[in-house]
Amino acid sequence: MINALPERELFAPGHSACAGCGAPIVARIVLKIGGPETIVCNATGCMEVFTTPHPRTSWKVPWIHAAFENAAAVASGVDRALKKLGTRDRTNLVILGGDGGTFDIGFGALSGMLERGHKATYVCYDNEAYMNTGIQRSGATPKYANTTTTPAGRSVHGKTEFTKQLPFIVAAHGAYTATANVAFPQDLADKLKKSFAFNGPSYIQVFSPCPTGWRHPTDQSIEIAKLAFKTNVYPLYEIENGILKINRKPTQATPIEEYLMRQGRFKHLTKEEIADLQQHVNADWERLLKLEESGLRIF
Amino acid sequence: MSGKKASRAAATEKKGKVLEIGAVVTNPGSSFENKTGGWRAMRPVWNKEKCTQCMICWMFCPDMAIPQKDGKRGETNFDFCKGCGICKSECVFGAITMEKEKK
Ligand SMILES: Cc1ncc(C[n+]2csc(CCOP(=O)(O)OP(=O)(O)O)c2C)c(N)n1
Ligand code: SF4
Ligand code: SF4
Ligand code: SF4
């Protein structure tokens, strides 16, 4: 399966991501599928910082650094320009943003891009916090996670809110929407291909471990990403033409504790808090199963 | 040009670093010059006998330090390997072990 991905590398080594970071794996797969005729608009964040230490770059395709909040707006302009130039059909346009740049500060620009119907693929590498500035909570940070702005203290145990359900908000705009995970490269590749073929806006949200911010050993990034799937913490699904499909289901869900206890950001959790998260994950999973079973056009 | 700006421009020129307009970077893939192998504390050791050429390590290496050519895995590129150990943990055939880096 993995061998089916192209050998070509359009993403160069020598970048300065922390050892064991998931984000460069996302970039690599995006370029393997996008190929040389890809243009990347990159929001500020780890991906932008570690791939472009001036005057060098890891990108072998045209790449534009947008600000933190406007990557989707920049890509909207690129889409229009390509149309004018008559090269839109042979170019793959990708936006890369972290979860902070996507769920929070770039959310308005993303919504605008989706609503105007630009043909572009927004890929959010989701490391569940603002990592580049030192692990601050975002709308994607899970409940109870220890971050520098939601520290686990005696009275408050990390973040107090659940994750924003961004894929559903995006899907409500009529975009091709999918979740993915660095531990499942072929699934991500298939979704990228679908998005490039779609004549409209797409959004792919990729689970991407951050050993520095999640506080786990660097060799465990892929194992933890697999556990996020096996526990149903991060289900793999897509919403195409408004219809939800779960792409892969664990044969038997693993208890969430196995996922949580591998990471320092959850080390402080009590039995009750783990049970609270488990209940939430179960309810979300049940809802996905029901939506899929119904075959309803939800958006 | 203000005094401050002029002296900054002079300093930049002296260092031989003349910026492109808009700080455009014109050499694709040039991070290649950045040898990140120096970060490594642990070194992955590849046992070719046990290797089945499944390419799992190639796919998951975040630093493109495991090359693939014509479906075959090449020697680890220690210019870039940061020693994260992902290849060791993902190789289901036990063909990679980690050793302390000797420097
Ligand atoms: C308007 C603006 N505010 C704040 C910053 C500082 N800043 C740079 S990167 C970053 C965090 C990015 O977080 P995220 O989008 O989650 O990406 P990650 O670093 O986690 O990959 C922040 C706050 C900025 N560059 N611009
Ligand atoms: S802080 Fe996290 S996301 Fe950023 S480069 Fe390091 S491991 Fe990757
Ligand atoms: S993962 Fe192991 S068996 Fe597969 S190519 Fe790498 S070293 Fe060989
Ligand atoms: S230790 Fe990490 S950086 Fe080095 S070859 Fe293995 S996966 Fe790549």
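Residues take numbers from 1 onward in each chain, read along the sequence in its written order. By the order in which they are written, chains take letters starting at A while ligands take numbers starting at 1. Since the coordinates come from a predicted model, pLDDT governs what is reported: local features require at least 70, and pairs of side-chain atoms require 80 or more to be given and counted, while whole-chain, interface and lining totals use all residues. No hydrogens and no water enter the side-chain calculation; it runs on all heavy atoms of the structure.

A. The arrangement of the overall build of chain A in detail. Scanning chain A from N- to C-terminus turns up eleven helices and eight strands. Over its C-alpha trace chain A gives a radius of gyration of 18 Å, about what one expects of a compact globule, namely 19 Å for 299 residues. When its C-alpha atoms are laid out on the principal axes, chain A stretches across 60 × 50 × 40 Å. Accessible area is worked out with a 1.4 Å probe on protein chains only. A residue is then buried under 20% of its type maximum, exposed over 50%, and partly exposed in between. Counting over 299 residues, chain A shows a buried share of 58%. Throughout, a residue-residue contact means that at least one pair of heavy atoms, one from each residue, lies within 4.5 Å. For chain A, the proportion of contacts with a sequence separation of at least 24, taken over those separated by at least 6, is 69%. Total accessible area computed for chain A in this model is approximately 11600 Å², and 55% of it derives from carbon and sulfur atoms. Helix and strand definitions follow DSSP, with helices as H or I runs of at least four residues and strands as E runs of at least two, each counted in order from the N terminus. Every radius of gyration here is taken over C-alpha atoms, with the globule rule written as 2.2 Å times N^0.38, N being the number of residues. Computed with a 1.4 Å probe, the accessible areas rest on the Shrake-Rupley method; for each residue, only the protein chains presented here act as cover.

B. Broad picture of the side chain of A:Lys143. All names here are of chain A. Here Lys 143 is to be found in the loop between strand 4 (120-126) and helix 6 (166-171). Note on Lys 143: relative accessible area 14%, which makes it buried. Two N or O atoms count as a polar contact when they lie within 3.5 Å, although within protein this holds only if one can serve as hydrogen donor and the other as acceptor, and sequence-adjacent residues are included solely when both atoms are side-chain atoms. A distance of 3.0 Å separates polar atoms of two side chains, one belonging to Lys 143 and the other to Asp 276. Excluding anything up to four places from it in sequence, Lys 143 contacts Lys 159, Thr 160, Glu 161, Phe 162, Phe 266, Asp 276 and Leu 277.

C. Region of interest: the packing of aromatic side chains. Residue and element names in this part refer to chain A. Ring geometry is summarised as follows: Phe, Tyr and Trp rings, the Trp one being its six-membered ring, pair when their centres sit within 6.5 Å, and such pairs are stacked at plane angles under 30 degrees, edge-to-face over 60 and tilted between the two. In total, this model carries eleven aromatic pairs over all chains according to the counting rule given. Their ring planes at 20 degrees and their centres at 6.3 Å tell us that Trp 59 and Trp 63 sit as a pair that is stacked. Relative to Tyr 237, the ring of Phe 168 lies with its centre 5.8 Å away and its plane at 40 degrees, an arrangement referred to as tilted. A residue pair is termed long-range when its members are at least 10 positions apart, and Phe 168 in helix 6 and Tyr 237 in strand 7 (residues 236-240) qualify at 69 residues. Take Phe 168: its relative accessible area is 13%, and that puts it in the buried class. Residue classification places Tyr 237 among the buried positions, given a relative accessible area of 6%. The rings of Phe 11, Trp 59 and Trp 63 are connected pair by pair, giving a single aromatic cluster. Note that Arg 248 overlies the ring of Phe 229, its terminal NZ or CZ placed 5.9 Å from the centroid. Charge-over-ring contacts are defined here by two conditions on Lys NZ or Arg CZ: a distance within 6 Å of the ring centre and an angle within 35 degrees of the ring normal.

D. Fine view of the pairing of strand 5 (residues 176-181) of chain A. Residue and element names in this part refer to chain A. Counting buried positions over the six residues of strand 5 gives six, a clear majority of the element. The alternating pattern of strand 5 places Tyr 176, Ala 178 and Ala 180 and Thr 177, Thr 179 and Asn 181 on opposite faces, both of which are buried. Being paired, for any two strands, means DSSP has found at least two bridges between them. Here six bridges tie strand 5 to strand 6 (residues 201-207), and the two strands are oriented parallel to one another. Residue pairing across strands places Ala 180 opposite Val 206, the latter belonging to strand 6. Seen with its strands pointing away from the viewer, a crossover is right-handed when the path leading from the first strand over the helix to the second is clockwise. Following the chain from strand 5 across helix 7 (residues 185-197) to the adjacent parallel strand 6, one finds a crossover that is right-handed.

E. View of the packing of helix 3 (residues 71-85) of chain A against helix 5 (residues 107-115) of chain A. All names here are of chain A. The axes used here are C-alpha line fits, helices contributing only the stretch in contact, and every angle between their N-to-C directions lies in the interval 0 to 180 degrees. In the contact formed by helix 3 and helix 5, the axes pass within 7 Å of each other and the chain directions differ by 30 degrees. Classed by the angle they form, the pair helix 3 and helix 5 counts as roughly parallel. Seen from helix 3, the contacting residues are Ala 72, Ala 73 and Ser 76; seen from helix 5, they are Ala 109, Leu 110 and Met 113. Three residue categories are used. Nonpolar comprises Ala, Val, Leu, Ile, Met, Phe, Trp, Tyr, Cys and Pro, charged comprises Asp, Glu, Lys and Arg, and polar comprises the others, including Gly. Its residues assigned to classes, the contact of helix 3 with helix 5 shows five nonpolar, one polar and no charged. Our angle categories are set so that under 35 degrees counts as roughly parallel, over 145 as roughly antiparallel, 65 to 115 as roughly perpendicular, and the remainder as oblique.

F. Molecular detail of the interface of chain A and chain B. If you look at the interface, chain A gives 39 residues, while chain B gives 36 residues. Here's the idea: put two parts together, see how much 1.4 Å probe accessible area each one loses, and the total over both is what we call buried area. Summed over both sides, the interface of chain A with chain B buries roughly 3000 Å², with 59% coming from carbon and sulfur. Between Lys or Arg on one side and Asp or Glu on the other, a salt bridge is scored when a side-chain nitrogen of the former is within 4 Å of a carboxyl oxygen of the latter. With its nearest N and O atoms 3.2 Å apart, the salt bridge here joins B:Lys88 to A:Asp219. When residues of the side of chain A that touches chain B are traced back to their parent elements, those giving at least two are helix 1 (23-34) and helix 9 (221-230) of chain A. For the side of chain A that touches chain B, the element with the highest residue contribution is helix 1 of chain A, accounting for five residues.

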